[in-house]
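Residues per chain are reported as follows:
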Amino acid sequence: MAETKSNFLLYKGKPLVRSGDTLYYGDMSDRYVAHLQIKSKKNVNGLETADRVAVQILCTDETMNLRDRIANKTEKNSLYEAIHIADIWLTRYLKKQA
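Quick caveat, the model's predicted, so the values are computed rather than measured.

Where do I start with the environment of Leu90 in this structure?
Positionally, Leu90 belongs in helix α3 (residues 79-97). Sequence separation of Leu90 and Asn72 is 18 residues, and the distance between their C-alpha atoms is 9.7 Å. Contact partners of Leu90, with chain neighbours within four places excluded, come to Lys14, Tyr25, Gly26, Tyr32, Val33, Ala34 and Ile57.

What follows is the structure, given as structure tokens:
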């Protein structure tokens, strides 16, 4: 499992992978992973920053339908706030599974 993580950017020891406006935070081999979707952006001092980000904690069990896989969800006003709450929730859900 450590080899897989070494290929990705890590945040607090968990992989953080981005594709466009979608980010996944966590290890896909775990029971839960965070899904972050940038909904809108704004220009701050010439730099495009996220100002609305949807956060979902998803169960990685693909046999379940998508609606049942969503364990928790919210929307935050910055990418920092979104990753922060995703880390808190993901840690809690992964502790429940252990």
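Explain the packing of aromatic side chains to me, please; I cannot follow it from the model alone.
Where two aromatic rings form a pair, the distance of their centres and the angle of their planes describe that pair. Following the criterion strictly, the structure yields 2 aromatic pairs and no others. Between Tyr32 and Tyr93 the ring centres are 5.1 Å apart and the planes differ by 50°, which places this aromatic pair in the tilted class. One end of the pair, Tyr32, is in strand β4 (residues 32-44); the other, Tyr93, is in helix α3, with 61 residues separating them in the sequence. For Tyr32, a relative accessible area of 15% translates into the label buried. On the basis of relative accessibility, which here comes to 15%, the residue Tyr93 falls in the buried class.

Would you mind showing me how to read the confidence of the model for the chain here?
Interpretation of this model should avoid reading the predicted coordinates in detail wherever pLDDT is low. Mean pLDDT over the chain: 91, with 93% of residues reaching 70 or higher. Every residue in residues 1-5 is under pLDDT 50, and counting partners more than four places away or in other chains gives 6 contacts.

What's the story with the nonpolar core in this structure? I'm lost.
Of all hydrophobic cores here, the largest spans 20 residues; its most connected members are Tyr25, Tyr32, Leu36, Val55 and Ile57. Contributions of two or more residues to this core are made by β3 (22-25), β4, β5 (47-59) and α3. Here this core takes 8 residues from α3, the largest share from any one element. For Tyr32, the contacting residues outside a window of four places in its chain are Asp27, Ile57, Leu58, Cys59, Thr60, Ala71, Leu90, Tyr93, Leu94 and Gln97.

Explain α3 here, please?
Since the α-helix packs 3.6 residues into each turn, any two residues three or four apart lie on the same face. Between its first and last C-alpha, α3 extends 27 Å over 19 residues, near the 27 Å set by a 1.5 Å rise per residue. For α3, the full list of buried residues reads Ala82, Ile83, Ile85, Ala86, Asp87, Trp89, Leu90, Tyr93 and Leu94.

Criteria and thresholds
- Residues numbered from 1 in each chain as written.
- Predicted model: local features only at pLDDT ≥ 70, side-chain atom pairs only at ≥ 80, totals over all residues.
- Heavy atoms only, no water.
- Helix = DSSP H or I, 4+ residues; strand = E, 2+ residues; numbered from the N terminus.
- Contact = heavy atoms within 4.5 Å.
- Phe/Tyr/Trp six-rings, centres within 6.5 Å; stacked < 30°, edge-to-face > 60°.
- Buried < 20%, exposed > 50% of the residue type's maximum accessible area, 1.4 Å probe, protein only.
- pLDDT = per-residue confidence, 0-100.
- Core = buried A, V, L, I, M, F, W, Y, C linked by side-chain atoms within 4.5 Å.
- Expected span 1.5 Å × (residues − 1).

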